[in-house]
Amino acid sequence: MGKKKNKNKVSGAVKTAAKTEKKLASKLKKELANLGEEDIAKVIAEIEREEAKRSAASEKVLEKPPSSRAYATLTPHPINNELVLFGGEYHNGQKTETYNDLFIYNTVSNVWRQLKAPGAPPPRSAHQAVSTPANKGELWIFGGEFTSPSETQFYHYKDLWCFSFAERKWEKVVAPNGPSPRSGHRMALLSRKLYVFGGYCDDGRDCRYFDDLYTFCLDTRTWSKVTVTGRGPSPRSACVMLPCGNDSLLVYGGFSRVRDGKTERACTHGDMFRLSTKQGGALTWRSVSVSGAPPPRAGVAGAANVVADRAYVFGGVSDVEETDEELRGEMSDDLLLLELDTARWHHVTLKTERQTRRDAEDPGSVDMEEGEQKEPMTVVTDEVFTMKLGAAPTPNSLPHSAANEESPPRSGPGPRMSAMLVVHRSILYVYGGVLEKDEKQFYLGDMYSLDLHKLNEWKTMIRQPALPDWLGSDSESESDGSDSETESDESD
């Protein structure tokens, strides 16, 4: 009689993997002890327990605006004239601080309030947030990442949270079959469903990018992984995802690392796809041919004005080839408009900028009447207002960039990547982000607004103070041996 197989016997490969994991955990424990840090999973669990102990919400008016940060979410309040700022991180070259602050900004009184509510999520950045007027106002947050102060540990979330503006409390929504842990993903609301696309997860040994699509039904509170027909976007993070009406989404750009044999290269995407519903309810991806698309950029901020069927993108960083072997990152302060129905791009030129240019060309000139424009203009109109826009941008024609020193001085937000951008009641707001200067990364805390009806000029809501001292090396790539692309491109 032959030997019976022991079903409980563990294979040599599994044992080896288990030993490797145990050694890595032991090594990490020693490293953390030397740095004075605890295990990141334990830290997060303890924070969540402490937040759950809070019995009632408390609120205070801030004497000064929130601290500088990036990779936070800035979301329109679903009912009031307010914006909601949650989370984010700050890095000074030496240490990283991750936040779970909840701030409310009144756009009429220009007052910031900090709200501490029971059961808040643990700190995170590169998450996503969506607001809905249902149940007297809700804020939904999914995913993100937590970075330890020394940046030796990274924790990616897969949790879903709901904040009730009426009850002023948080709820951790537990539902199976949701997306895997990730950050740098995108989330949008369509017809009472949250759509989550893409993102990445880096556990310190392996970095994976995603191209999967999930929906969460707000009525049944259930997750579903969606099977989509057609050829869609490749795996990526930090793309722009915009709702188009109530039945489709646009996905533009993003960032990923692509393995080419034994090497890995950074890829900044400039393509666009539309996700739409076919007859019968099936979803399909379709590649979109765009008119006058800008050069591919990482860290672009995007926001949609669904009522007017337009979207706006701001800033970002693109690679400029200096030599055959060297690339330089060029940061942008361009504000571009995208027509959601036709996928046409336009450079948004303010009235003050047009007059400044004409004055520079001819000091004695006066503002010309319509029909006498020297530069090509496009008129976009709807039932609400009319906009005169510059010609579609090209890599050589974009007039405002960090490298274009001959451009006339202008007000408003300067070049940056990963800013928070939102449209609320036809006002565009830009908050914070990251400025790269002399191979150092500075986290910003300024804020600006632009009336999309008038397009007169940017209004400074929070002035950026002097840049702080950089405590790290001049180039982070020198200290860790990595390539010039940074995790900031992936996160937001």
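Our structure is the block above this text.
Residues numbered from 1 in each chain as written. Predicted model: local features only at pLDDT ≥ 70, side-chain atom pairs only at ≥ 80, totals over all residues. Heavy atoms only, no water.

(A) Fine view of the overall build of the chain. Broken down by element type, the chain carries five helices and 35 strands. Here the chain, with 492 residues, has 48% of them falling under the buried criterion. For the chain, the accessible area works out to roughly 24,700 Å², and carbon and sulfur atoms hold 47% of it. (Helix = DSSP H or I, 4+ residues; strand = E, 2+ residues; numbered from the N terminus. Buried < 20%, exposed > 50% of the residue type's maximum accessible area, 1.4 Å probe, protein only. Areas by Shrake-Rupley, 256 points an atom, 1.4 Å probe, with all protein chains shown as cover.)

(B) Representation of the sheet that holds strand β28 (residues 335-339) within the structure. The strand order across the open sheet formed by four strands is β24-β25-β28-β29, and the pairing between neighbours is antiparallel. Here the strands that pair on one side only, and so sit at the sheet edges, are β24 (301-305) and β29 (344-347). Strand-to-strand twist in this sheet, taken as the mean axis angle between neighbours without regard to direction, amounts to 25 degrees. Pairing between β28 and β29: four bridges, direction antiparallel. Among the inter-strand pairings, L337 is bridged to a residue of β29, identified as H346. (Pairing = 2+ DSSP bridges. Axes fitted to C-alpha atoms, helices over the stretch in contact; angles between N-to-C directions.)

(C) Quick look at the sheet that holds strand β23 (residues 283-287). With antiparallel pairing, four strands are arranged side by side in an open sheet as β20-β21-β22-β23. At either end of the open sheet lies a strand with only one pairing partner, and these are β20 (240-244) and β23. Between one strand axis and the next, the sheet turns through 30 degrees on average, direction left out of account. Where β20 and strand β21 (residues 248-260) come together, five bridges link them in antiparallel fashion. Bridging from a neighbouring strand, M241 pairs with V251 of β21.

(D) Highlighting unusual backbone geometry. Phi is positive for A126, close to 55 degrees, though the residue is something other than glycine. By secondary structure assignment, the location of A126 is in the loop between β7 (111-116) and β8 (128-132). The phi torsion at R425 lies on the positive side, around 55 degrees, for a residue other than glycine. Here R425 shows up in the loop between β32 (420-424) and β33 (427-437). By relative accessible area, which is 48% here, R425 ends up partly exposed.

(E) Quick peek at the nonpolar core. Ranked by internal contacts, the top residues of the largest apolar core, which has 18 residues, are Y312, L335, L421, L428, L450, L452 and W458. Those elements giving two or more residues to this core turn out to be β24, β25 (310-314), β28, β32, β33 and β34 (440-451). If we ignore the near neighbours within four places in the chain, the residues touching L335 are Y312, V313, F314, H346, H347, V348, L428, L450 and W458. (Core = buried A, V, L, I, M, F, W, Y, C linked by side-chain atoms within 4.5 Å. Contact = heavy atoms within 4.5 Å.)

(F) Region of interest: the side chain of T215. Topologically, T215 is positioned in strand β18 (residues 213-217). When near neighbours in sequence (up to four residues on either side) are disregarded, T215 contacts K193, L194, Y195, T222, W223, S224 and V226.

(G) A look at the pattern of salt bridges. For the structure on display, the rule yields 18 salt bridges. In this structure, D101 and R69 form a salt bridge, with 3.4 Å as the shortest nitrogen-oxygen distance. Here R69 lies in the loop between β1 (58-61) and β2 (73-76) and D101 lies in the loop between β5 (96-98) and β6 (102-106), a separation of 32 residues in the sequence. Residue D101 shares its accessibility class with R69, and that shared class is buried. The partner of D271 in a salt bridge is R236, with the nearest N and O atoms 2.7 Å apart. Here R236 lies in the loop between β19 (222-225) and β20 and D271 lies in strand β22 (residues 263-277), a separation of 35 residues in the sequence. Several salt bridges converge on common partners, so that one network encompasses E59, E82, R113 and R168. (Salt bridge = Lys/Arg side-chain N within 4 Å of Asp/Glu carboxyl O.)

So yeah, pure geometry; function would need other evidence.
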